[in-house]
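Now for the letters of each chain:
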Amino acid sequence: MTTPVSPTAPGAPDAPVTGATAPRDFPIRRGCPFTAPEEYAAMRTDDPVARVTLPTGREAWAVTRYDDVRELLSDPRVSADIRRPNFPALGEGEQEAGARFRPFIRTDAPEHTRYRRMLLPAFTVRRVRAMRSAVQARVDEILDGMLEAGGPVDLVSAYANAVSTSVICELLGIPRHNLEFFRDVTRISGSRTSTAEQVAEALGSLFGLLAELIAERREEPRDDLISKLVTDHLIPGHVTTDQLLSTLGITINAGRETTTSMIALSTLLLLDRPELLEELRRDPSLMPAAVDELLRVLSVADSIPLRVAAEDIELSGRTVPADDGVIALLAGANHDPEQFDDPGKVDFHRTDNHHVAFGYGVHQCVGQHLARLELEVALDTLVRRVPTLRLAGDRDQVVVKDDSATFGLEELMVTW
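In this text the structure is predicted, and so the values were computed from the model without any measurement. (Residues numbered from 1 in each chain as written. Predicted model: local features only at pLDDT ≥ 70, side-chain atom pairs only at ≥ 80, totals over all residues. Heavy atoms only, no water.)

J.: Residues and numbers for the pattern of salt bridges, please.
T.: Within this structure, the stated rule accounts for 28 salt bridges. Glu293 is the partner of Arg350 in a salt bridge, and the nearest nitrogen-oxygen pair spans 3.1 Å. Taken together, the residues Arg350 in the loop between α14 (330-334) and α15 (368-385) and Glu293 in helix α13 (residues 287-298) connect sequence positions 57 residues apart. Considered together, Arg350 and Glu293 belong to a single accessibility category, that of buried residues. (Salt bridge = Lys/Arg side-chain N within 4 Å of Asp/Glu carboxyl O. Helix = DSSP H or I, 4+ residues; strand = E, 2+ residues; numbered from the N terminus. Buried < 20%, exposed > 50% of the residue type's maximum accessible area, 1.4 Å probe, protein only.)

Following this line, the structure appears as C-alpha cells:
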C-alpha cells in the first residue's frame, strides 16, 4: 500500500512550473489509509502549487512539496484568519461557524499569540512528562474495561476515543462524562457536510457544559487547567468568557480527535503489517521513534492548515496572488521523496524525521508533546498487554472517515 512516486522533475523542488492543469476537485481521497493520496505525487512533480476547486465552489491553491509547505506556514504574509473572504473552508458551514466562535487556530497575531500563551504552560515537555504515570493508569483502566467486556469490540470507541477524550478532559478538569458526547461534537463540527446551524448547535452544547464548569471554578478553583485559565486570564480587559469558551472548545476538539484517529489508524497499520508489530514487541524502546514515523506516514491532519495569502507569495516558481486561499497539505510534505528516502516505507529506524504532522511555524500544534505521550502509552499498552489482538471480520469492512477535517476510521472491530 505504498504511494507510487513519479520521477522527480529536473531541478525539483525549485524548478519553475511551466504549465498549469485545470483545477482539481478537492479534497482528494486516499486510496490507502496508510499513505498520502496518489495524486499528491504527481502534483509535487508537475503541479506543486495547484489550483483546486473546493466543495464550497471556491477555488484555492494546494501545496504539496515539503519545502514549500514549511515556507508557507512560516511566512508572516500568510493569514489564518477564518473571517477573510477567500478563506479556503472545506465545508459549507465551516467559515460561518468559525467566524462566529473564533477558534484561536483560525486567528492571527496578536490575538492568536495571546491565546496560545495562555495554554503553553500546560503543555511543556516537563509538564507532560510529569503526566505519564497518570496517563498510564488511565489507559490501563480503559483497557481493563475493554478486555473484561470481551470482544469483538469497536476499538475506535472503546479504546482510542476513550483514551484521548479522558486525557484531555482530566487535564482540563472536566468530570467523566459520556465520552461519545465529545466525539459527536467533533464529528459534527469537523464534518465537511455539516451546515453552519448544525455546527453551531454541536458547539453550543459543548460550550454549555464548559460554561457551567467555568462558573463553578470561579467560585471554587481546583488543580486543573480550567481553574488556572479562569484565575489567571478571565479578568476584565484580558479574556472574556466567550473567548475562553472558544479556546477550551478547540483545545478539546483538536486534542481528542487527532489522537483518536492516530491510535485507531496506527493499530490497523500494525495489524496489517505484523512484522512491524513484532519489531515493537522485541524492542519496546523503539516506541517513541515509531510514534513519530506513524505520525509522518498517517498525517491525519493533512488539510487542517488553511490559509489566505495577505500579499503575493511565490512558491516553486508560481505566484499565489494576494487574497487567494491556500492549503498546506501535510501528507504531501510528509511523503515528499526530496525530504524522506522511500517515503512510503514505514521505518521505525528512520533518522532525521523532521515531519510536519503537527504543522509548522507559529501555529504548530500546542499540544504535540501530550499527543506523543498519549500515542506512546496507548500503543505500547495495547501491543504489550493484548498479544493476540486481531481484526474481527474482513479487512475490507474497515470504513475510513474521509469527509472530516481529520482523517481516521469510523470503526475498527477487533477481538483477541
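J.: Lay out the pairing of strand β12 (residues 408-411) in plain terms, naming residues and giving numbers.
T.: In terms of strand pairing, strand β11 (residues 399-401) meets β12 through three bridges, oriented antiparallel. When the sheet's bridge partners are listed, Lys401 is paired in β12 with Gly408. Linking two consecutive strands that pair antiparallel, namely β11 and β12, is a turn of six residues. (Pairing = 2+ DSSP bridges.)

J.: Before we move on, can you summarise the layout of surface pockets with the specific residues and values?
T.: The volume enclosed by the largest pocket comes to roughly 290 Å³. Taken together, 19 residues form the lining of the largest pocket, with Asp75, Pro76, Val78, Val362 and His363 sitting closest to its centre. When residues of the lining of the largest pocket are traced back to their parent elements, those giving at least two are α2 (66-73), β4 (78-79) and α4 (111-119). No other element matches the three residues that α4 contributes to the lining of the largest pocket. For the lining of the largest pocket, the residue count by class is eight nonpolar, five polar and six charged. Its boundaries defined by the atoms lining it, the second largest pocket holds a volume of some 220 Å³. What lines the second largest pocket is simply Arg127, Ala130, Met131, Ala134, Val135, Arg138, Val167, Glu170, Leu171, Asp223 and Asp224. At the level of secondary structure, the elements contributing two or more residues to the lining of the second largest pocket comprise α5 (125-130), α6 (132-149) and α7 (155-172). Classifying every residue of the lining of the second largest pocket by side-chain character gives six nonpolar, no polar and five charged. (1 Å grid on protein atoms, 1.4 Å probe; cavity = no way out; pocket = protein on both sides within 12 Å on 5 of 7 lines; lining within 4 Å. Points joined across faces, edges and corners; volume = space filled by probe spheres on them. Nonpolar A, V, L, I, M, F, W, Y, C, P; charged D, E, K, R; others polar.)

J.: Give me the lowdown on the sheet that holds β4, citing residues and values where you can.
T.: Reading across the sheet, the six strands line up as β1-β2-β3-β9-β6-β4 and stay open at both edges, with mixed pairing between neighbours. What marks the edges here is a single partner per strand, and that holds for β1 (24-25) and β4. Here strand β2 (residues 49-53) runs beside strand β3 (residues 59-63); their pairing, made up of five bridges, is antiparallel. Across the sheet, the residue bridging to Ala50 is Ala62, located in β3. Contacts from α2 reach β2, β3, β4, β6 (306-309) and β9 (325-328) within the one sheet, and its direction differs from that of β9 by about 125°. (Contact = heavy atoms within 4.5 Å. Axes fitted to C-alpha atoms, helices over the stretch in contact; angles between N-to-C directions.)

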